Amino acid sequence: MRILKIKLHWQILIAFILAVLFGYFIPQGVPYVSWMGDIFLRALKMVIIPLVFSSIISGVTSMGDGKNLGRLGLKTMAYYLTTSTLAILTGLAVVNVVKPGVGVDLGFSKSVEGLAEQAGSVRDIFYRLIPENIIDSMARGDILPVIFFAILFGFFITRADENYRLSLTNFFDSIFQVMMKVTLFIIRFTPLGIFGIVASEVQRNAGELASIAGSLAVYSLCVVGALLFHALVSLPLIVRVMGKAKPYAHLKNMTVPLLTAFSTSSSSATLPLTMEALENQSGVSNKISSFTLPLGATINMDGTALYECVAAMFIAQAYGVDLTFTQQVLVVVTALLASIGAAGIPMAGLVMITVVLSAVGLPLEGIGLILAVDRILDMIRTSVNVWSDSCGAVIIARTEKEETLVGV
Ligand code: ASP
């Protein structure tokens, strides 16, 4: 499995380099390959609704029966939402200060004319969370109301009578398993998708290549810098203050799952190791870890949330779009929801970036810009996702008066 993933990583790099050369030296050939990019984007869009819907329901129902959803559930959700928001704000601050995309000027400002109407006021954003008709929202691919409805639906599954609860939980878990497989199948075609998208972007922006490459490097540094800050400064502080525990001792205990997250780019695949490390190395009880970790692996993704925000802002900057305050709020909210909706599998964050881009009305082709570096950034953000889940488990265990092995 690992060999396959490393291979995919190389395939993506090779496809990217070939696409740049192709788009630059054989521009007349681009119309013959651009369809691969179009089909790839369509396929990504195809999986979003069923993947997100089943991922969230399966995550929320994994919280167990109604009893668990009381105090523990509230604490866990509060931790997830706070740290993910903090991660997004860290990313937003960095991307606003460094402005990695400014000056790339892809000259597509025409295609983003509808932007102003798309954003609306902050109040509209909250209105838009509530679907008038869930089928209509799904059909239009309007993800925010779908996420809202899925959380509500999942929550009330846990409140239903046992026989309904079990069959619905099983049903949505099964859909989720299948959708993850479908997504991974599509992701295998990333090199071809990249080739199509990047070749046509290069042909269109032939004069700008050097500046795009430079910006991409700065963009990657922004993502990595913000991720490291969140993982090594913000989260440890929270562990120390809220959890009264030793964050760096816990970090050491987490070496194996974090390295696994890094090499597999999958929080879900890492889950068994995360649970093992928390219980046996950091001394968190099975009651807490089995409750918080599976949920965290699906809905708590600080690294992904941060990445969604930085990537969307970078693309906006590259398209020469100056996002207003309200539009940036919309990016923050959608990045948060996108991270909740992202599955714990490789490149799920890339699928979800389409959601953030469409929410603020940016062209999906912008993804072509960041594809080349997505895989490596995925490895780092997945480790941050797993690290945040594990910090949450320690904090909740400590606030439940557990001794653990990392308490102060
Ligand atoms: N690969 C990430 C994870 O499994 C999700 C993402 O693509 O951001 O946590």
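These numbers come from a predicted model, not from an experiment.

### Focus: the overall build of the protein chain
And step 1. In terms of regular secondary structure, the protein chain is built from 18 helices and zero strands.
And step 2. On C-alpha atoms alone, the protein chain measures out to a radius of gyration of 21 Å, which is about the 22 Å that the 2.2 N^0.38 rule sets for 408 residues.
And step 3. Principal axes of the C-alpha set define a box for the protein chain whose edges measure 65 × 45 × 40 Å.
And step 4. Sequence-distant contacts, at least 24 apart, represent 84% of the contacts inside the protein chain between residues at least 6 apart.

### Remarks on the site of the ligand
And step 1. With respect to spatial proximity, 16 residues lie near the ligand, and among them Ser267, Thr304, Gly349, Asp378 and Arg381 are the closest.
And step 2. The separation between an oxygen atom of the ligand and a polar side-chain atom of serine 267 is 2.3 Å.
And step 3. Glycine 344 is positioned with one of its backbone polar atoms (N or O) 3.3 Å from an oxygen atom of the ligand.
And step 4. Protein contacts shield 100% of the accessible area of the ligand, which totals 270 Å² for the unbound molecule.
And step 5. Elements supplying a minimum of two residues to the shell around the ligand: helix H17 (348–359) and helix H18 (367–399).
And step 6. It is H18 that contributes the most residues to the shell around the ligand, four residues altogether.
And step 7. Counted by class, the shell around the ligand contains six nonpolar, eight polar and two charged residues.

### Some thoughts on the environment of tyrosine 24
And step 1. Looking at where tyrosine 24 falls in the secondary structure, it is placed in helix H1 (residues 2–25).
And step 2. Each C-alpha atom of the pair tyrosine 24 and arginine 204 lies 9.2 Å from the other, and the pair is 180 residues apart in sequence.
And step 3. If we ignore the near neighbours within four places in the chain, the residues touching tyrosine 24 are Val202, Ala206 and Leu209.

### Quick look at unusual backbone geometry
And step 1. Positive phi, close to 45°, is recorded for lysine 244, a residue that is not glycine.
And step 2. Notably, threonine 404 is not glycine yet its phi reads approximately 55°, a positive angle.
And step 3. You can see threonine 404 is positioned in the segment after H18.

### Regarding the confidence of the model for the protein chain
And step 1. On average, residues of the protein chain score 84 in pLDDT, and 90% of them are at 70 or above.
And step 2. Note that pLDDT drops below 50 for residues 108–120; the model gives that stretch 28 contacts with residues more than four away or on any other chain.

### Details of the pattern of salt bridges
As a working rule, side chains carrying opposite charge can pair if their charged atoms are close by.
And step 1. Considering all chains together, one arrives at four salt bridges under this definition.
And step 2. Between glutamate 400 and lysine 75 there is a salt bridge; the shortest N-O distance is 2.5 Å. A residue pair is termed long-range when its members are at least 10 positions apart, and glutamate 400 in the segment after H18 and lysine 75 in helix H3 (residues 71–98) qualify at 325 residues.
And step 3. Residue glutamate 400 is classed as buried on the basis of its relative accessible area of 18%.
And step 4. Taking the relative accessible area as the measure of exposure, lysine 75 reaches 25% and is therefore partly exposed.
And step 5. Arginine 381 is paired through a salt bridge with aspartate 378; the nearest N and O atoms lie 3.4 Å apart.

### What about the side chain of threonine 304?
And step 1. In this fold, threonine 304 is placed in helix H15 (residues 302–318).
And step 2. Looking at threonine 304, the relative accessible area reads 3%, which means it is buried.
And step 3. The residues touching threonine 304, leaving out its near neighbours within four places in the chain, are Ser339, Ala342, Gly349, Arg381 and Asn385.

### Digging into the packing of H3 against helix H14 (residues 286–299)
And step 1. At their nearest, the axes of H3 and H14 sit 11 Å apart, and the two run at 35° to each other. Crossing handedness for the pair H3 and H14: right-handed. Mapping the contact onto sequence places Leu72, Gly73, Thr76, Met77 and Tyr80 in H3 and Ile288, Phe291, Thr292, Leu295, Gly296 and Ile299 in H14.
And step 2. Looking at side-chain class alone, the contact of H3 with H14 contains seven nonpolar, four polar and no charged residues.

### What to know about the packing of helix H2 (residues 30–61) against H17
And step 1. Running from N to C, H2 and H17 cross one another at 95°; their axes reach a closest spacing of 10 Å. With respect to each other, H2 and H17 are oriented roughly perpendicular. Residues Leu44, Val47, Ile48 and Val52 of H2 form the contact with H17, whose own contacting residues are Val351, Met352, Thr354 and Val355.
And step 2. Residues belonging to the contact of H2 with H17 are distributed by class as follows: seven nonpolar, one polar and no charged.

### Overview of the side chain of threonine 274
And step 1. Mapping threonine 274 onto the fold places it in helix H13 (residues 267–281).
And step 2. Setting aside residues up to four positions removed in sequence, threonine 274 forms contacts with Met254, Pro257, Leu293 and Val386.

The rules behind each value
Residues numbered from 1 in each chain as written. Predicted model: local features only at pLDDT ≥ 70, side-chain atom pairs only at ≥ 80, totals over all residues. Heavy atoms only, no water. Helix = DSSP H or I, 4+ residues; strand = E, 2+ residues; numbered from the N terminus. Rg over C-alpha atoms; globule rule 2.2 N^0.38 Å. Contact = heavy atoms within 4.5 Å. Near = heavy atom within 4 Å. Polar contact = N/O pair within 3.5 Å; in protein donor to acceptor, adjacent residues only side chain to side chain. Areas by Shrake-Rupley, 256 points an atom, 1.4 Å probe, with all protein chains shown as cover. Nonpolar A, V, L, I, M, F, W, Y, C, P; charged D, E, K, R; others polar. pLDDT = per-residue confidence, 0-100. Salt bridge = Lys/Arg side-chain N within 4 Å of Asp/Glu carboxyl O. Buried < 20%, exposed > 50% of the residue type's maximum accessible area, 1.4 Å probe, protein only. Axes fitted to C-alpha atoms, helices over the stretch in contact; angles between N-to-C directions. Left-handed = near helix turned anticlockwise from the far one by under 90°. Parallel < 35°, antiparallel > 145°, perpendicular 65-115°, else oblique.

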